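Chain by chain, the residues:
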Amino acid sequence: MPDNLKSGVKTPHRYEPTINPTYQDLAEHYRVAVVPARVRKPQDKAKVESAVQVVERWILARLRDQTFFTLAALNSAIRSLLEELNNKPFQKISGSRRSLFESLDKPALKPLPSVRYQYAEWKEARVHIDYHVSVDGHYYSVPYQLAKKQLSVRFTQRTVECFYQGQRVASHQRLYQKGRYSTQEEHMPESHKQQAQWTPERLQNWAAKTGPETEAVIRRILSDRRYPQQGYRSCLGIMRLGKSYGDVRLENACRRALYTDACSYRSLESILKHNLDQQPLPELESEAPLPDHHENLRGSDYFH
């Protein structure tokens, strides 16, 4: 029964508080229930508050005038006083904290889980049109039917798990390569032909209407990926650039991107943002003709 600390309770509520997913994972691993106290109601966990007060009086207060230079020395002093406190007889009832623990708590304890608890983080993520979700810049696939759906993603140091309506729909080994994809074939649609109304052919047909340079860029992006769907995100971004800057400027930007071999959404965005599309390419710049006569030109007669 904790307080409503942010790391334990995501959303406080009198009747249905939302537990932090990572905190809930820890509780489920050790097979315990989390029942938060009401907000500003410390009496809901009176035994905890009382135990803190007892420790402050019988341990911390007795050590307040001592100075310790190592953690081991401090722990040794606390351990000695803790044993004394636990064995101290109660004033109004028989027994001590130690005897009650031995008779009540210890028999009810369960063995620790066979595997150690592994820390995990959670996030909410919307599945993109290419049926991937992002975790720290790396993209992981989920079943394509979940495109544009909101998922819960649980990730540890080694694994990434995706949940939809409480059911796990995908599991991946976690990788740390930003901008790369982890795609499972069973997550892809049949023949790669339908994915949220977009296909490689439709993207290429759109690009051809803008111009041959744009079409060449789209073809390059789709062909450079292991699966064409992995290039949908970049292609759709380029389409939005066309709406923002116009087809003429996009075509010029694609020409420069092909010239510099930088066919990506970010490159095209930078070209348009800095108006590089309106500047001639180096190979197209006309060179000024050299003069036939100049004071620094000595000619062949000079060497005779």
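Here the structure is shown first, and the text comes after it.
The rules we used
Residues numbered from 1 in each chain as written. Predicted model: local features only at pLDDT ≥ 70, side-chain atom pairs only at ≥ 80, totals over all residues. Heavy atoms only, no water. Salt bridge = Lys/Arg side-chain N within 4 Å of Asp/Glu carboxyl O. Helix = DSSP H or I, 4+ residues; strand = E, 2+ residues; numbered from the N terminus. Buried < 20%, exposed > 50% of the residue type's maximum accessible area, 1.4 Å probe, protein only. Expected span 1.5 Å × (residues − 1). Arc of directions from axis to C-beta. Contact = heavy atoms within 4.5 Å. Core = buried A, V, L, I, M, F, W, Y, C linked by side-chain atoms within 4.5 Å. Pairing = 2+ DSSP bridges. Axes fitted to C-alpha atoms, helices over the stretch in contact; angles between N-to-C directions. Parallel < 35°, antiparallel > 145°, perpendicular 65-115°, else oblique. Left-handed = near helix turned anticlockwise from the far one by under 90°.

Participant: Hey, could you run me through the pattern of salt bridges in this one?
Facilitator: A side chain with one charge can pair with a side chain of the opposite charge if their charged atoms come near. Here the structure, examined in full by the defined rule, presents 15 salt bridges. Here arginine 62 makes a salt bridge to glutamate 84, at a shortest N to O gap of 3.3 Å. Note that arginine 62 is positioned in helix 2 (residues 46–63) and glutamate 84 in helix 3 (residues 71–87), a separation of 22 residues in sequence. Relative accessible area serves as the criterion here: at 43%, glutamate 84 is assigned to the partly exposed category. Note that aspartate 136 and arginine 174 form a salt bridge whose closest N and O atoms lie 2.4 Å from each other. Remark: arginine 174 occurs in the loop between strand 8 (167–173) and strand 9 (181–182) and aspartate 136 occurs in the loop between strand 4 (132–135) and strand 5 (138–141); sequence separation between them is 38 residues. Ionic contacts of the salt-bridge type, sharing partners, join the residues Asp25, Arg154, Glu161 and Arg168 into one network.

Participant: Help me out: how do you make sense of helix 6 (residues 212–224) in this one?
Facilitator: Note on helix geometry: an α-helix contains 3.6 residues per turn, so any two residues three or four positions apart are oriented the same way. With 13 residues, helix 6 should reach 18 Å at 1.5 Å per residue; the first-to-last C-alpha distance of 18 Å fits that figure. For helix 6, the set of buried residues is Thr214, Val217, Ile218, Ile221 and Leu222. The buried residues of helix 6 occupy an angular sector of 130 degrees when the element is viewed end-on, so they sit on one face. For helix 6, the exposed residues set more than 90 degrees away from the buried face come down to Pro212, Ser223 and Asp224. Buried-residue contacts for helix 6 involve helix 5 (200–210), helix 7 (232–245), helix 8 (247–259) and helix 9 (265–273).

Participant: Mind showing me how you'd approach the nonpolar core here?
Facilitator: Judged by nonpolar contacts, the single largest core of 21 residues is most densely connected at Leu203, Val217, Ile218, Ile238 and Leu268. Of all the secondary structure elements, the ones that give two or more residues to this core are helix 5, helix 6, helix 7, helix 8 and helix 9. When sequence neighbours within four positions are dropped, the list of residues in contact with isoleucine 238 reads Trp206, Val217, Ile218, Ile221, Leu250, Tyr265 and Leu268. Within the second largest apolar cluster, 16 residues are counted, among which are Val135, Tyr140, Val142 and Met188.

Participant: Mind showing me how you'd approach the pairing of strand 7 (residues 159–164) here?
Facilitator: A regular strand places its side chains so that they alternate between the two faces of the sheet. Pairing analysis gives 4 bridges linking strand 6 (residues 150–155) to strand 7, with the strands arranged antiparallel. Each residue of the ladder has a partner; that of arginine 154, found in strand 7, is glutamate 161. What sits between strand 6 and strand 7 in their antiparallel hairpin is a turn of 3 residues. The sheet contact formed by strand 7 and strand 8 spans 6 bridges and is antiparallel. What sits directly across from glutamate 161, in strand 8, is serine 171.

Participant: Even after reading the chapter, I still don't get the side chain of histidine 187, so can you show me in this structure?
Facilitator: Relative to the helices and strands, histidine 187 resides in the loop between strand 9 and helix 5. The contacts of histidine 187, once residues within four sequence positions are left out, are Tyr131, Ser141, Val142, Pro143, Tyr144, Val169, Ala170 and His172.

Participant: Is there a simple way to explain the packing of helix 5 against helix 7 in this structure?
Facilitator: How two helices pack is summed up by the angle between their axes together with the distance between the axes. One way to put it is that helix 5 packs onto helix 7 with a least axis distance of 11 Å and a crossing angle of 25 degrees. Here helix 5 is positioned roughly parallel relative to helix 7, judged by the angle of their axes. The two elements helix 5 and helix 7 cross, and the hand of that crossing is left-handed. Contacts from Pro200, Leu203 and Trp206 of helix 5 reach helix 7 at Tyr232, Cys235, Leu236, Ile238 and Met239.

Participant: Whenever I open this one, the environment of isoleucine 271 confuses me. Can you help?
Facilitator: In this structure, isoleucine 271 sits in helix 9. By relative accessible area, which is 7% here, isoleucine 271 ends up buried. The spatial distance from the C-alpha of isoleucine 271 to the C-alpha of asparagine 252 is 9.4 Å, given a sequence separation of 19 residues. The contact partners of isoleucine 271, leaving out residues within four places of it in the chain, are Ala253, Arg256, Ala257, Leu276 and Asp277.

Participant: Even after reading the chapter, I still don't get the sheet that holds strand 6, so can you show me in this structure?
Facilitator: The strands that make up a sheet pair up through hydrogen bonds in the backbone, lying either parallel or antiparallel. Spatial ordering of the open sheet is given by 3-6-7-8, a layout of 4 strands whose pairing is antiparallel. Every interior strand has two partners, whereas the edge strands, strand 3 (121–126) and strand 8, have only one. On average, adjacent strands in this sheet sit at an angle of 25 degrees to one another, irrespective of strand direction.

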